[in-house]
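Analysis of the macromolecular model
For reference, the chains in residue letters:
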Amino acid sequence: MTKKWVFLIKCTAAALLILGTLLPSTAAMAHDRHHSDDYIDIIVRYEGEAPSEDELDPAFKNVTSIQNLQTMSVPASSVKAISQQENVERVTYDQEMKTTQTDSSPAISSDDWNQDMIGTFDAWDEDVTGRDVRVAVLDTGFYDGHNDISFAGGHSIFGENHSKGADDWTNDHDGHGTHVASIIGADQHTPAQGIAPNVDLFGVKIYHSEGGNRTNAGSLIAGIQWAIDNNIDIITISSGFARHDEEIHNKIKEADRQGILVIAASGNLSDSKKIIDYPAAYEEVIAVSNVTRDGYRADDSMIADENEFAAPGTNILGLGIASPDSFSNMSGTSQATPHVAGIAALLMEKYPNESAAQIRARMQAKARDMGEAGRDDVYGYGLVHFLEQIIEEEPEEDDTESDNGEDEGNDSDETESDTADDEEQDTEEDPEEETEGEDDESDTDSEDTESEETSETDEDSSDSETPAEDESETDDSEREDDADSEEDETADETDEDNADDEEDHNDQQSTVWIRPSDTNGTATIDDQDISAVADDGVLAISFDSSLSHLERVSLTAEQVAGIRERNITLLIARIDMEWVIPSDNLQEGNALLSFETVDPEMDYADKAISRIVEFSVEQNEQVYTTFAQNMEYRFFTDNAEVNQDALYEWNEALSDWALAGERYTNGGVVGNSATTGTFAVFNPSELEKAMTSESENNEDNDSSVEEEEQESDDQAVDDSDESETSLSAFGSTEGDLPFVFAGAVVILSSVAGGFYFFGGKPKS
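Residues numbered from 1 in each chain as written. Predicted model: local features only at pLDDT ≥ 70, side-chain atom pairs only at ≥ 80, totals over all residues. Heavy atoms only, no water.

A closer look at the confidence of the model for the protein chain
Fine structural detail should not be taken from predicted coordinates in areas where pLDDT scores are low. Residues of the protein chain with pLDDT of at least 70 account for 68%, and the chain-wide mean is 78. Confidence over residues 103–109 falls short of pLDDT 50; this stretch has 17 contacts with residues more than four positions distant or in other chains. With pLDDT under 50 throughout, residues 744–764 is counted as low confidence; its partners more than four residues away or in other chains account for 13 contacts. (pLDDT = per-residue confidence, 0-100. Contact = heavy atoms within 4.5 Å.)

Now the structure itself:
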C-alpha cells in the first residue's frame, strides 16, 4: 500500500470521527422531515390568483382557496416542489393553535357579578342590548339546541370533502365555543344571560371534533375570511398560537381595513409559557387579560405590553352542551375575551355612526384604570366598562389653586397674566376632558383618544408548551409555598423543558419556503419574507428550474441583522443541492452567499456524479472560510444510497478529494462542515479505480525511467571504452577523466529524478 493511500485512510478516519462528534449539534439543521411522505398542513401564497383545485396534484387534500391563498394537506416530500413553482410566492407550515380556557367545573351560580362589574345592566337601563350588531365567534362549535340562546347563523370550514369528514358548526365537541358565545349573546333574564342578548350572533367552527381543542392557523384564516365576506362587525377569538404568522397577520389587517373590530385572548400564563399569544399580540387586535371577581389579576392571566383591556374571566357561568338546560363554569382569558366583545357590541348599537377605530378609542376612554396609573402590562387601559368613569378631581384643583395663591402672592402682575393664560389653555383642553359621559361630543373624544393610541411593534412569540391547568383562586399561603418550591423544582424540570424547547425549535412548522427575485443576476429576498419566519425558524430560499442560472444570494445589512437577532437558519434549496447556514455564521453587514458551479480543473473531476460546486460567504468585502457552527451540504443524485455514493470536498493543500459525508436522506447524500469549499459527489469505488489506475500509470512511468537510466549507464560504459583511446592521445593517465564523467552522469540522473517526484504529483 502506497504512502498516499495510507494518508487517505487516516484522513477518512479522522473525518468520520469529527463528524460523529459534531453531528448532535447539527441535528437541528437537518431537514429530512421535509422529504417524508407524512401529510402536513401548509399555506401557499401565490403571486397572482390561486389556481383551480382541479389543477393541483390529486394527492393534495383539504384544499381551501382564500383569495390568493390556499390551505391544504400535502405529503411533506412535496413542499419543496410546491415552493419552486413560478407562481408561488411563499409556503408556510400551518401551525397549531388552541383554546385558552384553563379549567371548567359543574358548579352553577346565578350570581351576575361579572355583568354588574362591566356595566351590562347600565346598558340595559338605556335599552341598549346589541341590536343589529353582527358578531362572529370563531371557536370549537356551537350547541344551538340550548334553550337559552339563539344564533343568527353559522358556518363550518370543514365541509364534506375534508379528509377528517364534515363537521357541522352546530357540533360543539368541546363546549368551549358554546360557553364563549353565551357570555356574549345568551338570552336576557336567564341564569347565564349574555352581555348583548340581542346581537346577531354567528358561530364559526374552526376546530374539528377529531382535533379537540387544537386546530391549525389555516383554519383561523378561513374563519376570518368568512367573517369578512359576511359583513361581520366584531370577530372574537378565544384562541392563540405561539409564533408570528404572516398570512394570519395579513388577513387580520384586511379585516381591520374593512372596519371589523378583532378581539382575542392574550393567553394564559404558566411556567412554560410567558409570552403573549398571537393573534392578540398584533397591533390591529384588542388583547384581553383576565381579572377575578375582586378585581385583581387572575393568577394565570398573561402579563404583556400588548394587553389592552382586562375583563372578568374567573369562574364565569355560561351555557353547557350536556342538555338544553345545562350550564358550566369556565375560567381563562377565553372567558374574559367575550366580555370585551359584548361591551363593544353595546357601544356599536349606541353609537351606530362611529367606526370600529372610534369604538375602540371610546372603550379605552371608558376603561376603569387598574394597577399602575395609565396603561400597564397587566390590565392594559383597565377594566372594560360600558360607562365612562367619573373621577372626582376637585380636591386636586383646590390644592392647586391654594398653591398658586401662595406662589403668586409675591407678584400680582404675573398672577393675572398666568391666570389668563391658564384660562385660555383650559378652554382649549376642557372639551376633551368634559366629553366623558356626554354623547354630544363623542366624536371629538374618540378622535383625540385614537390619536393617542400607543403604537406597538409586533413581537414574535417564543416556542411554548400547552399551558398547564392552574387554579384561578389561590390563596396567599399557597402562592408563597409555590414560590418557595419553584427553585427546588427548577433543576428537575430543566432537562424536560430544554428537550421540549429543542423539539419546538426543530418543528417543521417554523419553516417558511419563499421564491427569491432575480435582481441583475443575483437572488434577493423581501424583508417581508424574513418577517414571516418565527424566531429560531428556518427561511428556505427555493430555486426552481427557471432560476437555475442564479448562483448567489444577496442579503442587506438590515436583513442580516434581523436573521442574527431572531436566530433564523437559512436554507438554500436548489433542485439538485441544499445548503444550510446557521445564523451564527453570519457577521454584521451585507452578505453574499455563493454556490457557483466551477470548471472541472481538479483531479478526477470527470468522475464526479454531481455538479462541482464552490461555496463561499462574503461579507464586508472579505471572504470567510471558517465558521462558528457546522453547515450542512446536501446533494441530490440518482440512486445515491443504492449506489453508495459519497460527498467529497476538495482539499487544496493536498490537491486531493477528502470524504465529507456519506449519510443519505431521500435521494441525497449529506455532509457537515464548519468550512466552505468545493464539493461534489463521487462513487467511492469508481473514484478508487481512477486513483488506482493513476497509480499504476505512475509505476509504469517509474519503470521506464529506471530502464532509461540503465541504458544510459550502459551507454556510458561503452563510451568510456572508446574514450580511453581518445583521451590517451591527450596524455591522460589511468583513466581519471572517464571516472569523473561517469560520476557526473549518475549525479545528473539523480537530480532529474528528484525534480520529477518532488514536483507535487506524478505525471500521466
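As for the packing of aromatic side chains
Counting across every chain of the model gives 18 aromatic pairs. An angle of 15° between the planes, with centres 6.2 Å apart, marks the rings of tryptophan 579 and tyrosine 633 as stacked. With tryptophan 579 in strand S24 (residues 577–581) and tyrosine 633 in strand S28 (residues 626–636), this residue pair connects regions lying 54 residues apart in the sequence. Accessibility assignment for this pair places tryptophan 579 and tyrosine 633 in one class, buried. Consider the rings of phenylalanine 615 and tyrosine 633, whose centres lie 4.8 Å apart with planes at 65°: the pair is edge-to-face. Of the two residues, phenylalanine 615 sits in strand S26 (residues 613–619) while tyrosine 633 sits in strand S28, which places them 18 residues apart along the sequence. With relative accessibility at 2%, the residue phenylalanine 615 sits in the buried group. Accessibility expressed as a relative area gives 0% for tyrosine 633, which makes it buried. Chaining the aromatic ring pairs together yields one cluster made of Trp579, Phe615, Tyr633, Phe635 and Phe679. The side chain of arginine 574 reaches across the aromatic face of phenylalanine 543, ending 5.9 Å from its centre. (Phe/Tyr/Trp six-rings, centres within 6.5 Å; stacked < 30°, edge-to-face > 60°. Helix = DSSP H or I, 4+ residues; strand = E, 2+ residues; numbered from the N terminus. Buried < 20%, exposed > 50% of the residue type's maximum accessible area, 1.4 Å probe, protein only. Lys NZ or Arg CZ within 6 Å of the ring centre and 35° of its normal.)

Regarding unusual backbone geometry
At the junction of tyrosine 278 and proline 279, the peptide bond is cis and its omega measures out at 10° in the coordinates. By the secondary structure assignment, proline 279 is in the loop between strand S13 (261–265) and strand S14 (285–291). At tyrosine 604, a residue that is not glycine, the phi angle is positive and equals roughly 60°. Within the element layout of this structure, tyrosine 604 appears in the loop between strand S25 (591–597) and S26.

Section: the sheet that holds strand S32 (residues 668–675)
Across a sheet, strands are paired by hydrogen bonds formed along the backbone, either parallel or antiparallel in direction. If you walk across this open sheet you meet the 11 strands as S2-S3-S1-S4-S18-S21-S23-S24-S28-S32-S31, and the pairing is mixed. Two strands bound the open sheet, and with one partner strand each, they are strand S2 (61–66) and strand S31 (663–665). Strand after strand, the sheet turns through a mean of 25° between neighbouring axes, direction not considered. With three bridges joining them, strand S4 (residues 88–93) and strand S18 (residues 511–514) adopt antiparallel strand pairing. Counterpart to arginine 90 in the pairing with S18 is isoleucine 514. Against the sheet, helix H6 (residues 217–229) contacts strand S1 (39–46), S2 and strand S3 (69–75), and its axis sits at roughly 40° relative to S2. Relative to S4, helix H7 (residues 246–257) is tilted by about 110°, and along the sheet it contacts S1, S2, S3 and S4. (Pairing = 2+ DSSP bridges. Axes fitted to C-alpha atoms, helices over the stretch in contact; angles between N-to-C directions.)

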